[in-house]
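Secondary and tertiary structure notes
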Amino acid sequence: MFQYDFMQHAFLAGTAVAIMCGIIGVYVIARGLAFITHTFSHVGFAGAAFAVFMSWNPLAGMLLFTTTAAVSIGGLGAKVFRKDIPISVVLSIVLGLGLLFLSLTKGQSNAMMALLFGSIVGIDASQVYEMFGLAVGILVVLILGYRMLTFDSFDPVGAESAGLPTRFISIAFLLLLSISVAEALQIVGALLVFTLMTTPAAAAFSLTKSVSRMLLFSAVFAVIGVWSGLTLSFYTNAPVSFYIAAVEAVLYFACRGWQVWREKMLPSVKPEHVSVSTEM
Amino acid sequence: MESALSVEHVSVSLGGEWILHDISFEVRRGEMVSIIGPNGAGKSTLMKVLLGVLQPSRGRITVHLPPAAKNRSRSIGYVPQSRQMDVDTSLRAWDFVSFGLPHTLRPWLNRKERSRVREALELTRCEELANQAISRLSGGQRQRLYLAQALVRNPDLLLLDEPTSNLDPGGQEMVVELVNQIRQERGTTVLLVTHDMHIAAKYSDRILYLTRGRYAIGRVEDIVRPDVLTTLYGAPMTGIHEETHTTAVPSRTSSMPYLEV
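Quick caveat: nothing in here was measured; it's all calculated off a predicted structure. (Residues numbered from 1 in each chain as written. Chains lettered and ligands numbered in written order. Predicted model: local features only at pLDDT ≥ 70, side-chain atom pairs only at ≥ 80, totals over all residues. Heavy atoms only, no water.)

Examining the overall build of chain B
Let me state the cut-off plainly: Helix and strand assignments come from DSSP, with helices taken as H or I runs of at least 4 residues and strands as E runs of at least 2, each series counted from the N terminus. Accessible area is worked out with a 1.4 Å probe on protein chains only. A residue is then buried under 20% of its type maximum, exposed over 50%, and partly exposed in between. It only takes one pair of heavy atoms within 4.5 Å for two residues to be counted as in contact. Only the protein chains shown count as cover for residues, and all accessible areas are computed by the Shrake-Rupley method using a 1.4 Å probe.
For chain B, the count of helices and strands is nine helices and 11 strands. Within the span of chain B, comprising 261 residues, buried residues form 51% of the whole. Across chain B, every contact between residues at least 6 apart in sequence was considered, and the portion connecting residues at least 24 apart equals 63%. Total accessible area computed for chain B in this model is approximately 12,300 Å², and 48% of it derives from carbon and sulfur atoms.

Shown next as structure tokens:
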């Protein structure tokens with residue numbers, strides 16, 4: 001399998017994107033931004049469709065659209081962007097725009113299908129460098145901002161009270177998320193970006209209470225999903241995205257099952273026996 | 001005694017309405033002052049102004065930092081009235097307390113920081129909870145953890161906004177008793193917002209009684225008096241002092257029955 005250049009590229013790019021998505025996914029779950037992640041993937045799709053229409057690099061179009069959406073949505077404030085209705089309005093507008101650019105673009109149906117479903121095995125060496133660069137950049141920012149981002153994600157009221165710049169953290173995180181979505185979209189496609197952004201992290205939340213271990217488990221689960229997906233796809237010819245989604249789902253249900261079993265096994269606290277005499 | 005906090009002619013207007021009006025008081029180092037008053041009196045607003053997250057419309061607040069203190073935000077510990085946390089999140093108590101440490105670009109905790117987290121957990125009697133998920137803790141245990149997070153940066157001034165509001169009477173007494181012990185051991189200045197006059201009377205050096213637009217500060221026996229309460233509420237009021245209970249109630253009027261005690 002590794003004798004082929006395209007498989008080497010796929011494993012390298014897939015690993016970088018999986019680690020990045022696994023780590024950022026922990027904060028997506030903690031901040032309750034799963035729906036926004038889904039919206040960004042469609043914004044990215046519209047951006048890529050626009051780029052193909054303009055004969056640009058699709059990644060440039062995706063980054064332009066998703067980062068603009070991140071700054072605009074972040075500027076509205078957490079009270080607005082955590083609500084479903086304004087986000088679903090944005091989602092429908094960008095999906096409409098994506099379809100418009102799709103209809104205006106002629107003879108590019110393969111490129112557009114790749115954006116919707118992903119094309120990990122079609123990645124060349126220059127794209128691998130591009131993805132590695134972006135993933136490393138995002139991970140460095142996440143490492144440097146780890147303490148503030150973790151506090152604000154898990155305890156927003158406490159973070160605001162402690163004087164943290166919570167609005168800045170919110171916008172900065174949405175920007176990182178939008179860039180990650182644009183990158184992951186090339187691997188798993190707009191329809192399955194959700195898979196790498198939320199499922200490994202959700203599985204990790206079931207396994208541990210420690211934030212550092214959540215980050216580690218989530219990254220490992222994402223990498224397992226991508227590696228298994230690539231290997232199974234190579235030998236069966238079925239889409240990579242399907243296998244990635246299937247492996248992540250199996251991991252998630254296994255972790256949830258283990259969590260439920262463990263909670264049942266925990267000793268329950270017996271109430272103290274109190275007798276009350278009613279005799280006078 | 002040295003002053004820890006000066007509030008000078010502070011007024012706060014929100015949405016065109018004066019929530020606090022021309023309030024001045026001073027808190028001495030190591031003193032415990034309870035802030036009491038009816039709902040909507042501006043107690044939480046005062047806390048936010050003291051914390052610096054809300055700017056007063058008029059007046060000045062000065063937090064007198066001891067020479068060793070690095071900056072204002074590191075010298076104030078705060079326990080908010082409510083916490084917006086997902087109850088299903090299995091976050092361990094150790095991580096939650098460590099969030100309160102001063103923030104650096106270094107993602108891991110060094111030896112000194114780990115010992116500060118341990119110390120804060122010990123101080124609030126939460127050592128055995130360190131590896132427990134917050135979602136599995138009782139209300140009283142969570143409240144002690146919130147206190148531990150506020151204490152982990154070793155603050156000189158502790159602001160507690162109704163830290164006992166969701167607890168049963170036994171739990172309320174235990175949390176405030178713990179705060180009082182920490183104050184005595186560390187010399188921390190404490191401002192405590194509470195609805196419980198009994199707790200305020202038992203543990204505080206002074207109380208700040210806030211009503212909409214009016215306030216009084218002094219020892220509990222000086223504030224919970226018919227003349228002061230009547231001025232504060234703008235209606236006939238009296239104070240009831242019992243062995244275990246102190247409260248402000250409306251005075252006898254023709255339409256309102258009055259229970260002699």
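There is more to say, and it comes next.
Here's the deal with the packing of aromatic side chains
Residue and element names in this part refer to chain A. How we decide: Stacked, edge-to-face and tilted labels apply to pairs of Phe, Tyr and Trp rings (six-membered ring for Trp) whose centres lie within 6.5 Å, assigned for plane angles under 30 degrees, over 60, and everything in between, in that order.
As enumerated under the stated definition, the model contains 16 aromatic pairs over all chains in all. On the basis of an interplanar angle of 35° and a centroid distance of 5.5 Å, the ring pair of Tyr-4 and Phe-6 is categorised as tilted. Looking at Phe-6, the relative accessible area reads 33%, which means it is partly exposed. Centroid distance Tyr-27 to Phe-173: 6.3 Å. Interplanar angle 65°. Geometry classified as edge-to-face.

Concerning the side chain of Asp-95 of chain B
Secondary-structure assignment places Asp-95 of chain B in helix H3 (residues 93-98). If we ignore the near neighbours within four places in the chain, the residues touching Asp-95 of chain B are Lys-209, Ser-210 and Val-211 of chain A.

Details of the sheet that holds strand E2 (residues 17-28) of chain B
All names here are of chain B. Heads up, the rule is: Whether two strands pair depends on DSSP finding at least two bridges between them. Fitting a line to C-alpha atoms yields each axis, with helices limited to the stretch in contact; the angle taken between N-to-C directions then spans 0 to 180 degrees.
The three strands lie next to each other as E2-E1-E4, forming an open sheet whose pairing is antiparallel. Both outer strands of the open sheet, E2 and strand E4 (58-63), are each paired with one neighbouring strand and no more. Neighbouring strand axes in the sheet, compared pairwise and without regard to direction, differ in orientation by 15° on average. Relative to E2, strand E1 (residues 3-14) runs antiparallel, the two being bridged by eight bridges. In the strand pairing of E2, Ser-6 is matched with Glu-26. With respect to the sheet, helix H1 (residues 43-51) is in contact with E1, E2 and E4, its orientation differing from that of E1 by roughly 120°.

Points about the interface of chain A and chain B
Operational definition: Summed over both partners, buried area is the accessible surface (1.4 Å probe) that two parts give up on being assembled. Any Lys or Arg side-chain nitrogen located within 4 Å of an Asp or Glu carboxyl oxygen qualifies as a salt bridge. Any pair of N or O atoms that falls within 3.5 Å is considered a polar contact. Within protein, one atom must be able to donate a hydrogen and the other to accept it, and sequence-neighbouring residues count only if both atoms are side-chain atoms. Classification convention: Asp, Glu, Lys, Arg as charged; Ala, Val, Leu, Ile, Met, Phe, Trp, Tyr, Cys, Pro as nonpolar; all other residues, Gly among them, as polar.
Counting residues at the interface gives 26 residues for chain A and 32 residues for chain B. Between chain A and chain B lies a buried interface of about 2,200 Å² when both sides are counted; carbon and sulfur atoms form 58% of it. Along the contact surface separating chain A from chain B lie one salt bridge. Close ionic contact of Arg-147 of chain A with Glu-113 of chain B constitutes a salt bridge, the shortest N to O distance being 2.8 Å. Put simply, chain A and chain B have eight residue pairs in polar contact (both at pLDDT 80 or more) between them. Among the elements of the structure, helix H7 (125-144), helix H8 (146-154), helix H9 (156-161), helix H12 (211-236) and helix H13 (240-265) of chain A are those that each provide at least two residues to the side of chain A that touches chain B. For the side of chain A that touches chain B, the leading source of residues is H8 of chain A, giving six residues. Taken together, the residues of the side of chain A that touches chain B sort by class into 14 nonpolar, six polar and six charged.

Structural notes on the nonpolar core
Selection criterion: Here the nonpolar core consists of buried residues drawn from Ala, Val, Leu, Ile, Met, Phe, Trp, Tyr and Cys, with membership extended through side-chain atoms lying within 4.5 Å.
In this structure, Phe-40 and Leu-177 of chain A together with Leu-145 and Leu-147 of chain B are the most contacted members of the largest nonpolar core, which totals 113 residues. The biggest single contributor to this core is helix H1 (residues 5-30) of chain A, with 14 residues. Leu-145 of chain B has contacts with Ala-93, Phe-96, Val-97, Leu-121, Cys-126, Ile-134 and Leu-137 of chain B, leaving out every residue within four places of it along the chain. One finds Val-10, Val-12, Val-33 and Val-49 of chain B within the second-largest nonpolar core, a separate group that totals 26 residues.

A few points about the packing of H1 of chain A against helix H11 (residues 193-207) of chain A
Residues and elements named next belong to chain A. What counts, and what does not: Any angle between 65 and 115 degrees counts as roughly perpendicular, while under 35 counts as roughly parallel, over 145 as roughly antiparallel, and the rest as oblique. Here a crossing is taken to be left-handed if its near helix is turned anticlockwise relative to the far helix by less than a right angle, and right-handed if that turn runs clockwise.
Two elements in contact, H1 and H11, have axes separated by 7 Å at closest approach and are oriented at 65°. By the angle between their directions, the pair H1 and H11 is classed as roughly perpendicular. Of the two elements, H1 crosses H11, and the hand of that crossing is right-handed. Along its contact with H1, which presents Val-17, Cys-21, Gly-22, Ile-24, Gly-25, Val-26, Val-28, Ile-29 and Ala-30, the element H11 presents Leu-196, Met-197, Thr-198, Ala-201, Ala-202 and Phe-205.

Regarding the side chain of Thr-195 of chain A
Residue and element names in this part refer to chain A. Looking at where Thr-195 falls in the secondary structure, it is placed in helix H11. When its relative accessible area of 7% is taken as the criterion, Thr-195 is described as buried. Excluding its chain neighbours within four sequence positions, the residues that come into contact with Thr-195 are Pro-200, Ile-244, Ala-245 and Glu-248.

A word on the confidence of the model for chain A
All names here are of chain A. Rule in force here: pLDDT: the predictor's confidence for each residue, scored from 0 to 100.
On average, residues of chain A carry a pLDDT of 83, and 89% of them reach 70 or more. When the elements of chain A are averaged for pLDDT, helix H4 (residues 78-81) gives the smallest value, 60, and H12 the largest, 93. With pLDDT under 50 throughout, residues 269-276 is counted as low confidence; its partners more than four residues away or in other chains account for zero contacts.

Quick look at the pairing of strand E3 (residues 32-36) of chain B
Residues and elements named next belong to chain B. Burial of E3 is extensive: five of the five residues sit out of reach of the surface. Residues Met-32, Ser-34 and Ile-36 line one face of E3 and the alternating positions Val-33 and Ile-35 line the opposite face, and both faces are buried. Alignment of E3 against strand E7 (residues 189-193), held across four bridges, turns out to be parallel. Within E7, the position partnered with Val-33 by the bridge is Leu-191. Two elements, E3 and strand E8 (residues 206-211), share four bridges in a ladder whose sense is parallel. Along E8, the bridge assignment pairs Val-33 with Arg-206.

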